[in-house]
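These are the residues of each chain, in order.
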2 protein chains.
Amino acid sequence: MSQVEIPGYTYGQPSVQPSPVSMEDLEHIQSCLLWSDEDVQALRRAGEILGPRKEEILDVWYGFVASQPHLLAYFSRPDGPSQEYLQRVRARFGRWIEDTCRAEYDQRWLDYQEEIAQRHFTRKNQTDGAAAEGTPPYIHWRYINALVYPIYATVRPFLEQSGEPPEMVEKMHQAWLKAVLLQATLWARPYAKNEAW
Amino acid sequence: MSQVEIPGYTYGQPSVQPSPVSMEDLEHIQSCLLWSDEDVQALRRAGEILGPRKEEILDVWYGFVASQPHLLAYFSRPDGPSQEYLQRVRARFGRWIEDTCRAEYDQRWLDYQEEIAQRHFTRKNQTDGAAAEGTPPYIHWRYINALVYPIYATVRPFLEQSGEPPEMVEKMHQAWLKAVLLQATLWARPYAKNEAW
């Protein structure tokens, strides 16, 4: 999977700036989340299941966004949704499923969380150029955080269909919830007032 | 359960200021969370189970906070934790379990979410006066959001021990997760830069 296939995907590239979040902050957040090595293992297995089905998962998520006008608005101009913008984000969103399952929680990973955060807020329409032009300048924080729930809940059937025993399905699902909540929490950083994050 | 029993608990009282969040915003957030009437029903039942066991649940949560120095710090002065502050917050935290399960999602409820948010951030040490004096001036947002996970995960055994069938336990647990994530999302409001929430 070459990175050049995905427009605007810059994980690990020199253009990604260092995150202002320290590794110690990250560890403290992970402690709050009851994070363990078992979660990392469960996510690796989840990646084997969810990765190959990412287009189906994205169909669910995109169907959900399309059904909620207050969400679709972030991809829309006054005359309607930008299909090109939706498609460019979709390709990165699919990679995000895989990246979430194989995350190393190292500096490179942390830096890219800040990059994603900035793309939601301060630099929302830069990455996708003309495709995003004329859409709202940032995504409101409340929706990013609330979307943790459907992003968590909707992967359950995919995990269940893997044939793994129920205990393993549960472990993978819990690890996925922690991983999504961890990222949403990191994505809050630029939204927060000075030092308050 | 008289409100005067709980120090600083002001739900529904005239001192609580109107929330700047609109009912429409609240509904949009609930839509993101896949909120339904079934969740409300499941929470009502959860309240019958969790309410009477709130002291045991608080023992779990307080044990967790005490085990993490970066969390206990918010209740501590340079010479150590303020036991009086911890106890005053504990009484309100217990009531919060009950309030979460019986929430009406009306204006009064919304206003009190903003009050709680301000007590985490701009007015952290006002409610508890001398008991809180000398402790940090606000709680960092990252920990409030991350604590959604343990607040969610740790009630599971209590729900299971109710004797309800597994499907109902699952429904109650999912509704509880949505309810906690909803509140954390509302509590982010004062932390966010102008309009970005």
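Fair warning: this is a prediction, and the values are worked out from it, not measured in the lab.

**What about the UniProt feature "domain: Globin-sensor" (unreviewed entry) in chain A?**
Right, so step 1: Feature annotation in UniProt places "domain: Globin-sensor" (unreviewed entry) on residues 23–195 of chain A, given in this structure's numbering.
Right, so step 2: Across residues 23–195 of chain A, the secondary structure splits into 66% helix and 2% strand, with the terminal C-alpha atoms separated by 16 Å.

**A short note on the relation of the copies chain B and chain A**
Right, so step 1: Of the transformation superimposing chain B on chain A, the axial component is 0.0 Å and the angular component is 180 degrees, with the fit at an RMSD of 0.0 Å. Both copies are brought into coincidence by an operation consistent with a two-fold rotation axis. Using C-alpha coordinates, one finds that chain B approaches the rotation axis most closely at Ala 192 of chain B, a distance of 2.2 Å.
Right, so step 2: When you check the interface residues of chain B against chain A, 100% turn up at the interface there too, and the contact is symmetric in its surfaces.

**As for the interface of chain B and chain A**
Right, so step 1: With 40 residues of chain B in contact, the opposing surface of chain A contributes 40 residues.
Right, so step 2: Contact with chain A buries area across many residues of chain B, yet Cys 32, Arg 142 and Tyr 149 of chain B alone supply 20% of it, more than any other trio.
Right, so step 3: Across the chain B-chain A interface, the total number found is 2 salt bridges.
Right, so step 4: Across the pair Asp 25 of chain A and Arg 142 of chain B runs a salt bridge whose closest N-O atoms are separated by 3.5 Å.
Right, so step 5: Counting across the interface, chain B meets chain A through 28 residue pairs in polar contact (both at pLDDT 80 or more).
Right, so step 6: Of all the secondary structure elements, the ones that give two or more residues to the side of chain B that touches chain A are helix H1 (23–32), helix H4 (69–72), helix H7 (141–146), helix H8 (148–153) and helix H10 (166–187) of chain B.

**Focus on the packing of helix H1 (residues 23–32) of chain A against helix H10 (residues 166–187) of chain A**
Residue and element names in this part refer to chain A.
Right, so step 1: Contact pair H1 / H10: the axes reach a minimum separation of 11 Å and the direction vectors enclose 135 degrees. For the element pair H1 / H10, the angle class is oblique. Crossing geometry of H1 relative to H10 is assigned as right-handed. Contact residues: Leu 26, Ile 29 and Gln 30 in H1; Leu 182, Thr 185 and Leu 186 in H10.

**A word on the packing of aromatic side chains**
Right, so step 1: On inspection of all chains with the given rule, the structure shows 32 aromatic pairs over all chains.
Right, so step 2: Between the aromatic rings of Tyr 149 of chain A and Tyr 152 of chain A, the centroid separation amounts to 5.7 Å while the plane-to-plane angle is 70 degrees, which identifies the pairing as edge-to-face. Taken as a pair, Tyr 149 of chain A and Tyr 152 of chain A lie in helix H8 (residues 148–153) at a separation of 3 residues, close to a single helical turn. The pair formed by Tyr 149 of chain A and Tyr 152 of chain A is uniform in burial state, with each residue classed as buried.
Right, so step 3: Here the aromatic rings of Phe 121 of chain B and Tyr 138 of chain B are separated by 5.5 Å at their centres, their planes lie at 80 degrees, and the arrangement is edge-to-face. Placement of Phe 121 of chain B in the loop between helix H6 (107–120) and H7 and of Tyr 138 of chain B in the loop between H6 and H7 is noted, with a sequence separation of 17 residues between them.
Right, so step 4: Among the residues examined, Phe 121 of chain B registers a relative accessible area of 11% and is labelled buried.
Right, so step 5: One aromatic cluster is present, formed by Trp 61, Phe 93, Trp 96, Trp 176 and Trp 187 of chain A through successive ring pairs.
Right, so step 6: Of note, Arg 95 of chain A hangs over the ring of Tyr 9 of chain A, and the distance from its end group to the ring centre comes to 4.7 Å.

**Examining the environment of Gln 183 of chain A**
Residue and element names in this part refer to chain A.
Right, so step 1: Take Gln 183: it is sitting in helix H10.
Right, so step 2: The exposure class of Gln 183 is buried, given its relative accessible area of 2%.
Right, so step 3: Between the C-alpha atoms of Gln 183 and Ser 15, which are 168 residues apart in sequence, the distance is 20 Å.
Right, so step 4: If near-sequence neighbours (up to four positions away) are discounted, Gln 183 is found in contact with Trp 96, Thr 100, Trp 109 and Gln 113.

**Digging into the packing of helix H6 (residues 107–120) of chain A against H10 of chain A**
Residues and elements named next belong to chain A.
Right, so step 1: Axis separation between H6 and H10 bottoms out at 8 Å; the angle between their running directions is 65 degrees. The way H6 lies across H10 gives a crossing that is right-handed. Between H6 and H10, the contacting residues are Trp 109, Leu 110, Gln 113, Ile 116, Ala 117 and His 120 on the first element and Leu 182, Gln 183, Leu 186 and Trp 187 on the second.
Right, so step 2: Tallied by class, residues from the contact of H6 with H10 come to 7 nonpolar, 3 polar and no charged.

Rules and cut-offs
- Residues numbered from 1 in each chain as written.
- Chains lettered and ligands numbered in written order.
- Predicted model: local features only at pLDDT ≥ 70, side-chain atom pairs only at ≥ 80, totals over all residues.
- Heavy atoms only, no water.
- UniProt positions renumbered as here; feature names shortened; annotations may be inferred.
- Helix = DSSP H or I, 4+ residues; strand = E, 2+ residues; numbered from the N terminus.
- Least-squares fit on C-alpha atoms with pLDDT ≥ 70 in both.
- Contact = heavy atoms within 4.5 Å.
- Buried area = accessible area lost by both parts, 1.4 Å probe.
- Salt bridge = Lys/Arg side-chain N within 4 Å of Asp/Glu carboxyl O.
- Polar contact = N/O pair within 3.5 Å; in protein donor to acceptor, adjacent residues only side chain to side chain.
- Axes fitted to C-alpha atoms, helices over the stretch in contact; angles between N-to-C directions.
- Parallel < 35°, antiparallel > 145°, perpendicular 65-115°, else oblique.
- Left-handed = near helix turned anticlockwise from the far one by under 90°.
- Phe/Tyr/Trp six-rings, centres within 6.5 Å; stacked < 30°, edge-to-face > 60°.
- Buried < 20%, exposed > 50% of the residue type's maximum accessible area, 1.4 Å probe, protein only.
- Lys NZ or Arg CZ within 6 Å of the ring centre and 35° of its normal.
- Nonpolar A, V, L, I, M, F, W, Y, C, P; charged D, E, K, R; others polar.

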